[in-house]
Amino acid sequence: GAELPTTTSSLSEETAYFSVRLCLRQKPSCTHSSGPRIEGSREFSAGINAGSSAGIGSIGSGVGGGSGSSSGSGNNIILQMADVPSRVHSRKGSHDTLKKVSGLRTIATVAVIFLASLGCVRLLLTQMPELTEEEAATVKLPRNLDDAKALGAVLLRYNEDNYYRLMLLFVSCYIFLQSFAIPGSISLSIISGALFPFPLALFLVCTCSAVGASNAYMISKYFGVAFVQHYFPERCEQWRQQVDKHRQHLLNYMIFLRITPFLPNWFINIAAPVIKVDWTPFFLGTFIGVAPPSMLFVRAGSALQQLTTTNEIMPWSTMLTLIGFGFVTLIPIVFQNRLRGRLDGQKREKQEEDVKVK
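Let me begin by describing the structure that accompanies this report.

Quick notes on the rules
Residues numbered from 1 in each chain as written. Predicted model: local features only at pLDDT ≥ 70, side-chain atom pairs only at ≥ 80, totals over all residues. Heavy atoms only, no water. Helix = DSSP H or I, 4+ residues; strand = E, 2+ residues; numbered from the N terminus. Buried < 20%, exposed > 50% of the residue type's maximum accessible area, 1.4 Å probe, protein only. Contact = heavy atoms within 4.5 Å. Areas by Shrake-Rupley, 256 points an atom, 1.4 Å probe, with all protein chains shown as cover. Salt bridge = Lys/Arg side-chain N within 4 Å of Asp/Glu carboxyl O. Axes fitted to C-alpha atoms, helices over the stretch in contact; angles between N-to-C directions. Parallel < 35°, antiparallel > 145°, perpendicular 65-115°, else oblique. Left-handed = near helix turned anticlockwise from the far one by under 90°. Nonpolar A, V, L, I, M, F, W, Y, C, P; charged D, E, K, R; others polar. Patch = residues over 30% accessible without salt bridge, like charges linked within 9 Å, V, L, I, M, F, W, Y side chains within 5 Å. Lys, Arg positive; Asp, Glu negative; His and termini not counted. Charge placed at Lys NZ, Arg CZ, Asp CG, Glu CD. Expected span 1.5 Å × (residues − 1). Core = buried A, V, L, I, M, F, W, Y, C linked by side-chain atoms within 4.5 Å. Phe/Tyr/Trp six-rings, centres within 6.5 Å; stacked < 30°, edge-to-face > 60°. Lys NZ or Arg CZ within 6 Å of the ring centre and 35° of its normal.

**A closer look at the overall build of the chain**
Then step 1. Tallying secondary structure elements over the chain gives 16 helices and zero strands in all.
Then step 2. Burial statistics for the chain: of 358 residues in total, 39% are counted as buried.
Then step 3. The long-range share in the chain, meaning contacts at least 24 apart out of those at least 6 apart in sequence, stands at 69%.
Then step 4. Per element, the accessible surface of the chain, about 21100 Å² overall, is 60% carbon and sulfur.

Structure representation (structure tokens):
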């Protein structure tokens, strides 16, 4: 066996540890400079028991030989060996601590974004004209049809003199709800039909939906990837497999998902950046895909006060129609795939014929 170094001054603690391990694992005997050859495990044991005077190169009575440090050298190496696992454990603990700190920092950042957005909405509300106590009680995010009807009635009274201010407030509230997946955007879509002309209302709803979804996309991309992967691993993997099948037709696929109710919109918004869906098809697919159902909500808003239940807005027959329309968006993909398969088949046949001719 090769002799070990004769001093510890130039070795780090890890090097000393693995040098000793190397000597112990050697099957052949280690060479002693002035004595017989002794098995590695035996000479290590002898060195510890006898405390022979040698450096790290002469642990015990036979490793490396020569006059080294005092008998405390062997004990120092044992302490070093015992300390290495504790240092590794400490490093793992430090890594876990860093991950926790990073997670807390991410949560704090998202909280700051949320509070800043909420502050902007509150600021716009303070710029609205003075309301009576009864009217002020109705100005809140609508949670149901009754809230929407009460809010719509109040806003209609002030719409003529505060048209653009109301429009700005509507856009801000809608984007805020969409950005943080807060319920209430459907009610706002209905109210838009009561406040604005149908084409303008539809355009505002589609734009706000796309912008709000993009905000959620960016928040997830820069701050929430680890969160989504931790809490929705199986669901993300299932959707990743579906998206991989439609990578060449992501726009059509996003339109299909927005029209149909197969995946909730909040999950699409936060999972899209995790599974590498590009922002452009995501934005355009959202803008186009929310248009068909939004048309129904906006149209219902023109007769808001006559509505009694939400079933009048979107009955099952209408829901099935929207699902069918969603599948229509996939027809070009099916035909394109079949055409590509046919062309590839013809190309392979031609190559095989060329091979036979040669």
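There's more to say after this.
**Here we look at the pattern of salt bridges**
Then step 1. Taken as a whole and assessed by the stated rule, the structure comprises three salt bridges.
Then step 2. Arg-240 serves as the salt-bridge partner of Glu-237, at 3.5 Å between the closest nitrogen and oxygen. Of this pair, Glu-237 and Arg-240 both sit in helix 10 (residues 233-245), three residues apart, which is roughly one turn of that helix.
Then step 3. The salt bridge partner of Arg-247 is Asp-244, with a shortest N-O separation of 3.1 Å.
Then step 4. Relative accessible area serves as the criterion here: at 31%, Arg-247 is assigned to the partly exposed category.

**Some thoughts on the packing of helix 6 (residues 163-179) against helix 8 (residues 198-223)**
Then step 1. One way to put it is that helix 6 packs onto helix 8 with a least axis distance of 7 Å and a crossing angle of 40°. Between helix 6 and helix 8, the angle is such that the two are oblique. The chirality of how helix 6 crosses helix 8 is right-handed. Seen from helix 6, the contacting residues are Tyr-163, Met-167, Phe-170, Val-171, Tyr-174, Ile-175, Gln-178 and Ser-179; seen from helix 8, they are Leu-200, Leu-204, Val-205, Cys-208, Ser-209, Val-211, Gly-212, Ala-213, Asn-215 and Ala-216.
Then step 2. Looking at side-chain class alone, the contact of helix 6 with helix 8 contains 13 nonpolar, five polar and no charged residues.

**A closer look at a negative patch on the surface**
Then step 1. The grouping of Glu-349, Glu-352, Glu-353 and Asp-354 at the surface amounts to a negative patch.
Then step 2. Here Glu-352 shows up in helix 16 (residues 331-357).

**Observations regarding helix 5 (residues 145-159)**
Given 3.6 residues to a turn, an α-helix orients residues that are three or four positions apart in the same direction.
Then step 1. With 15 residues, helix 5 extends 20 Å from end C-alpha to end C-alpha; this agrees with the ideal 21 Å at 1.5 Å per step.
Then step 2. Packing partners of the buried residues in helix 5 comprise helix 4 (133-138), helix 6 and helix 7 (185-195).

**Considering the nonpolar core**
Then step 1. Ranked by internal contacts, the top residues of the largest apolar core, which has 25 residues, are Leu-155, Phe-170, Tyr-174, Phe-176, Leu-188, Ile-191 and Phe-196.
Then step 2. Of all the secondary structure elements, the ones that give two or more residues to this core are helix 5, helix 6, helix 7 and helix 8.
Then step 3. For this core, the element with the highest residue contribution is helix 6, accounting for eight residues.
Then step 4. Ignoring any residue separated from it by four or fewer positions in sequence, one finds Phe-170 in contact with Leu-188, Ser-192, Phe-196, Leu-204 and Val-205.

**Focus: unusual backbone geometry**
Among all residues except glycine, the phi angle is most often negative; among peptide bonds, the trans geometry is most common.
Then step 1. In this structure, Ala-181 takes a positive phi of about 55° despite not being glycine.
Then step 2. Mapped onto the fold, Ala-181 is located in the loop between helix 6 and helix 7.
Then step 3. Notably, Lys-276 is not glycine yet its phi reads approximately 65°, a positive angle.
Then step 4. Assignment of secondary structure puts Lys-276 in the loop between helix 12 (265-271) and helix 13 (279-289).

**Comments concerning the packing of aromatic side chains**
Then step 1. Applying the stated criterion across every chain, the model contains 17 aromatic pairs.
Then step 2. Geometrically, the ring pair formed by Tyr-217 and Phe-282 is tilted, given 4.9 Å between the ring centres and 40° between the ring planes. Linking Tyr-217 in helix 8 with Phe-282 in helix 13, this pair joins segments that are 65 residues apart in sequence. With respect to class, Tyr-217 is no different from Phe-282; both count as buried.
Then step 3. Site record: aromatic cluster; members linked through ring pairs are Tyr-163, Tyr-164, Phe-170, Tyr-174 and Phe-196.
Then step 4. Lying over the aromatic face of Phe-267, Arg-235 brings its terminal NZ or CZ to 4.8 Å of the ring centre.
Then step 5. Across from the ring centre of Phe-198, 4.2 Å away, lies the NZ or CZ of Arg-299, which sits over that ring.

**Section: the packing of helix 8 against helix 13**
Each pair of packed helices can be described by the angle between their axes along with the distance between the axes.
Then step 1. With their axes 8 Å apart at the nearest point, helix 8 and helix 13 run at an angle of 150° to one another. When the axes of helix 8 and helix 13 are compared, the crossing they make is right-handed. Facing Phe-203, Cys-206, Thr-207, Ser-209, Ala-210, Val-211, Ala-213, Ser-214, Tyr-217 and Met-218 of helix 8, the residues of helix 13 in contact are Trp-279, Phe-282, Phe-283, Thr-286 and Phe-287.
Then step 2. Here the contact of helix 8 with helix 13 is built from residues that sort into 11 nonpolar, four polar and no charged.

**Digging into the environment of Phe-196**
Then step 1. Following the sequence through the fold, Phe-196 ends up in the loop between helix 7 and helix 8.
Then step 2. A relative accessible area of 4% means that Phe-196 is categorised as buried.
Then step 3. Note: C-alpha distance between Phe-196 and Val-298 (102 residues apart in sequence) is 9.3 Å.
Then step 4. Apart from residues lying up to four places away in sequence, Phe-196 is in contact with Tyr-163, Met-167, Phe-170, Ala-201 and Leu-204.

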